[in-house]
Amino acid sequence: MAPESDSAPYAGHLTVFFASQTGNAESISRNIHEQALEKGFKSLHFVLNDFAKVDWDKEECLVFVVSTTGDGDPPDNSTKFWRHLRKLKGVGLTKAKFAILGLGDTNYDNFCQTAKRLDTRLQELGASPFYARGLADDATGLEETVDPWIKDMWPALAQIVISTSSAQGSPQPQTTKLEEEIVKDIIEQQEHDHSSHITSEKTATTAPAMDSVVKETGAVDTLVEGVKGLSVAAGLTSAVPAAGYHIDVDFSTMANHTTLTALPRVPNANLKITNVETTTTAPTGKQAKLIPSFIQTPTRLMSAKINSVQCLTPETALKRTLSVEFGFDDDLDYSPGDSFGIWAPNDDSLVRGVLAALSVTDEDINKLVKLEGEDIPTHLQPVHSATLLDIFRYSVDLTTAPKKANIRLYADHATDAAEKQKLMFMASKQGVDVFNAFRAQSPTLLDILHTFPSVKVPVARVIETLPPMQPRYYSITNSPLAKHGHRRWSCAFNVVAYELPEGIKRRGVCTPWLDELSSKVPFGKTVTTGFADVRLPVFVKPNETKFNLPSDTTTPVIMIGPGTGVAPFIGFLEHRAEQRKIKKRLVNIGVGSRRQHLDDLFGDMWLFFGCRHRERDWLFRSQMEEYKQEGVLTELHVAVSREEDVPNSGKYVQDLLRKEGKRIWNLLDKKGALIYVCGDAKGMAKSVNDELINVLVEYGGFEKTAALLELNKWAQEKRYLRDLWA
Ligand code: NAP
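Residues numbered from 1 in each chain as written. Predicted model: local features only at pLDDT ≥ 70, side-chain atom pairs only at ≥ 80, totals over all residues. Heavy atoms only, no water.

**Structural notes on the overall build of the protein chain**
Here is step 1: Per the secondary structure count, the protein chain includes 23 helices and 26 strands.
Here is step 2: Within the protein chain, buried positions represent 54% of all 726 residues.
Here is step 3: Long-range contacts, defined as pairs at least 24 residues apart, comprise 80% of the intrachain contacts of the protein chain with a sequence gap of at least 6.
Here is step 4: Working note: accessible area of the protein chain is about 32000 Å², and carbon and sulfur atoms make up 49% of it. (Helix = DSSP H or I, 4+ residues; strand = E, 2+ residues; numbered from the N terminus. Buried < 20%, exposed > 50% of the residue type's maximum accessible area, 1.4 Å probe, protein only. Contact = heavy atoms within 4.5 Å. Areas by Shrake-Rupley, 256 points an atom, 1.4 Å probe, with all protein chains shown as cover.)

So, in structure tokens, the structure goes:
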């Protein structure tokens, strides 16, 4: 691996790489990098897709912090690196010593798959680990593993730095001495239990919100330039600022602890907000609704109109499900099974509430600013000219429950001693139960500021420590072969809006926004008007898993997707129906006895769907029944979880797989069927996987372990395809 150019930076001692989907791995790796610099190491910090910025042939010490997404897939910002890694041959990394910290969740299959794959691949390429791999589990709390892993890494790292430089007969003996001191310091530090007394914490400085803003005259890169014409003309009203909820938790256990340990390190303050002086004022009115150019998507951002919105479920259903059709002016290139992303803004009243709580004046929220600073989070780097309003709308995640490091930061900025004490307690090892109870109420940033009103954090600190805003992804439920199919996408989703037992109302980011854009369409109605002004920022999600219909139309497919997990299969069925129509026209078959010929050209399509009540949430029922009638869908199996004694059914899709086990095995064994599973990665996917193993054992004659290996092989061969969602 060679650097892209001679001027590319090169790490003498340590390079920290990250691959992050939601920003966790990025902030942890930044923390390692910053600590490394503080400890006297020479350190560089890169996203994995920037792998070519360092000279891998010379790299001696590498630290990776990588998360896993979907069905054990690497994060989007490392896919280029993985492609590169796959192509490499031989053992070109013999000099490199590495350490890997993986982030994952044991509720999902393929726990920390990226970290494990990376470990194997680096060793195949000749590199060797200098420190044991750490695998942190979000199910039990990432910090449980992350903090001790980092703490214990420093002595191992220091040793490796010393051994590599002395092995080379280091040209700078004084560096070795320095490194020896580092090792000594670290070991001493380790011996001393890193503890902190609540009352010994330094008093927070009260910083007015815009204190960190300095003036600069600069060229303006207006909002319109990046993504011309994209706007969200509805939904971004000048909403009344929300007030936030008071989060009630029991702090009585705090009295039992005078010493707090394992307090997270507060990330460095790197971000500077600079006013952009311009003769052009920030856009107002309709202009203000343009999508800012700093949004970064994995594929080209496009502007979508709304063609129609339909509500699929009555009020009696547990969930409100909408089907939305988007229209485009240009032709699209996609296949059924692909997904797309929508970049939705944070709720406007939440944004305005947060800005008000941070004491940003109405005048300041609309000023154009630039975000600058060394090694600021990647999602903030493209913000060259934007209003604070847009930065809070589109760039940061205001709704995900806080991490301990955030709580610790807010504690540092609390002016009230009692509030500071509570926040410090929650950030400590001793306050973990209180922290978990606090997080269980999914507090937004506004709720935290409302609950601890003396917290006065500078805006720059808030922006750089919040997780990045994430696009929301939906499966495409239609086929490009259908009428105007190349100029439209449909999707189906549940509107995420619910109330906690404490009476606190919570809502998702994108789905309630789409619901409100279409004025909450009632059940059974399809609305096609009223969206003339609306343009939404969307993009195609790269499909790494090849979750598409087989090119050979005679290959049978078994589709398993309860709830909205059925979405891609509706696209598969429409596609197959169109393929049949085309074939029918081409060969003029399909009449009377010749109908058989048409069926011979297409393999079986079996669908296993699951709902709670047939009358309430059997999504796309009429389409399914029509496809069945037409012979497009060969078999339809519907599990019903909350109705008693439904004939020929079962509670869950996996129960129906068990019932049909023998016939499923025959379809797999005799006709080489493909299996597709779509939906919830936690419960459903695991149970379906177990049931498929049972089918292989019971009807295929496999031993249990052999069945598991066979399924894994099918997954590798793209014969068993899964599109799993968190
Ligand atoms: P849902 O309404 O929560 O559930 C649908 C059915 O599945 C219900 O009958 C439910 O039964 C049952 N179910 C619950 N636990 C199960 C388990 N362990 N095994 C099998 N069945 C189980 O479904 P949903 O909310 O629509 O969720 C589907 C999943 O698909 C989500 O993870 C979603 O993100 C994902 N997805 C969405 C799209 C999209 O484009 N919107 C596309 C693909 C996938 P009970 O509740 O009665 O137990």
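**Structural notes on the side chain of Asp 617**
Here is step 1: With respect to the helices and strands, the residue Asp 617 is situated in helix H18 (residues 614–617).
Here is step 2: A relative accessible area of 11% means that Asp 617 is categorised as buried.
Here is step 3: Leaving out residues up to four positions away in the same chain, Asp 617 has contacts with Thr 313, Phe 609, Cys 611 and Arg 612.

**Notes on the packing of helix H10 (residues 404–412) against helix H11 (residues 417–427)**
Here is step 1: Between H10 and H11, the shortest axis-to-axis distance is 8 Å and the interhelical angle comes to 160°. The angle between the axes of H10 and H11 places the two elements in the roughly antiparallel class. Regarding H10 and H11, the two cross each other, and that crossing is left-handed. Here Lys 404, Ile 407, Arg 408, Tyr 410, Ala 411 and Asp 412 of H10 lie close against H11, whose contacting residues are Lys 420, Leu 423, Met 424, Met 426 and Ala 427.
Here is step 2: Broken down by class, the residue content of the contact of H10 with H11 amounts to seven nonpolar, no polar and four charged. (Axes fitted to C-alpha atoms, helices over the stretch in contact; angles between N-to-C directions. Parallel < 35°, antiparallel > 145°, perpendicular 65-115°, else oblique. Left-handed = near helix turned anticlockwise from the far one by under 90°. Nonpolar A, V, L, I, M, F, W, Y, C, P; charged D, E, K, R; others polar.)

**Description of the environment of Leu 388**
Here is step 1: Within the secondary structure, Leu 388 is located in helix H9 (residues 388–394).
Here is step 2: Residue Leu 388 is classed as buried on the basis of its relative accessible area, which comes to 0%.
Here is step 3: Spatially, the C-alpha atom of Leu 388 lies 7.1 Å from that of Lys 367, the residues being 21 residues apart in sequence.

**Side note on the site of the ligand**
Here is step 1: Taken together, 23 residues surround the ligand, and among them Lys 319, Thr 564, Ser 641, Arg 642 and Tyr 652 come closest.
Here is step 2: Cys 611 has a polar backbone atom sitting 3.0 Å from an oxygen atom of the ligand.
Here is step 3: Ser 641 is positioned with one of its side-chain polar atoms (N or O) 2.6 Å from an oxygen atom of the ligand.
Here is step 4: In isolation the ligand exposes 920 Å². Once the protein is present, 82% of that is buried. (Near = heavy atom within 4 Å. Polar contact = N/O pair within 3.5 Å; in protein donor to acceptor, adjacent residues only side chain to side chain.)

**Re the packing of helix H2 (residues 79–87) against helix H3 (residues 113–124)**
Describing two packed helices takes the angle between their axes plus the distance from one axis to the other.
Here is step 1: Contact geometry for H2 and H3: axes closest at 11 Å, N-to-C directions at 30°. One element, H2, and the other, H3, form an angle in the roughly parallel class. Relative to H3, H2 is oriented so that their crossing is left-handed. In contact with Phe 81, Trp 82, Leu 85 and Arg 86 of H2, H3 contributes Thr 114, Arg 117, Leu 118 and Arg 121.
Here is step 2: Looking at the contact of H2 with H3, its residues break down into four nonpolar, one polar and three charged.

**Details of the packing of aromatic side chains**
Here is step 1: In the structure shown here, the tally under the stated rule is 23 aromatic pairs.
Here is step 2: Consider the rings of Phe 81 and Trp 82, whose centres lie 6.0 Å apart with planes at 75°: the pair is edge-to-face. Neither residue differs from the other here; Phe 81 and Trp 82 are each classed as buried.
Here is step 3: Ring centres of Phe 340 and Trp 489 lie 4.7 Å apart, and the angle between their planes is 25°; this geometry places the pair in the stacked category. Taken together, the residues Phe 340 in strand S13 (residues 339–342) and Trp 489 in strand S17 (residues 488–494) connect sequence positions 149 residues apart. (Phe/Tyr/Trp six-rings, centres within 6.5 Å; stacked < 30°, edge-to-face > 60°.)

**Let's talk about the sheet that holds strand S23 (residues 605–611)**
Here is step 1: Read across the sheet, five strands follow the order S24-S23-S22-S25-S26 without closing on themselves; strand pairing throughout is parallel. On the outer flanks of this sheet lie strand S24 (635–640) and strand S26 (720–725), each paired with one strand and no other. Strand-to-strand twist of the sheet, defined as the mean angle between neighbouring strand axes without regard to direction, takes the value 10°.
Here is step 2: One ladder, built from four bridges, connects strand S22 (residues 557–560) with strand S25 (residues 674–680); its direction is parallel. Bridged to Ile 558 within S25 is Ile 675. (Pairing = 2+ DSSP bridges.)

**Examining the pairing of strand S2 (residues 43–47)**
Here is step 1: By the criterion of burial, S2 is predominantly enclosed, with four of the five residues buried.
Here is step 2: In this structure, strand S1 (residues 14–19) lies alongside S2, joined through five bridges in parallel fashion. When the sheet's bridge partners are listed, Thr 15 is paired in S2 with Leu 44.
Here is step 3: What joins S1 to S2 is helix H1 (residues 24–38), and the crossover it makes is right-handed. (Right-handed = clockwise from strand over helix to strand, strands pointing away.)

**Quick look at helix H15 (residues 510–517)**
Here is step 1: By the criterion of burial, H15 is predominantly enclosed, with seven of the eight residues buried.
Here is step 2: When we look at burial in H15, the residues that qualify are Cys 510, Thr 511, Pro 512, Trp 513, Leu 514, Asp 515 and Leu 517.
Here is step 3: Looking at the residues trailing H15, positive phi occurs at Ser 519, about 50°.

**Here's the deal with the pairing of S17**
Here is step 1: Most of S17 is tucked away: six of the seven residues are buried.
Here is step 2: Across seven bridges, the pairing between strand S12 (residues 321–327) and S17 is antiparallel. Opposite Val 324, over in S17, you have Cys 491 as the bridge partner.

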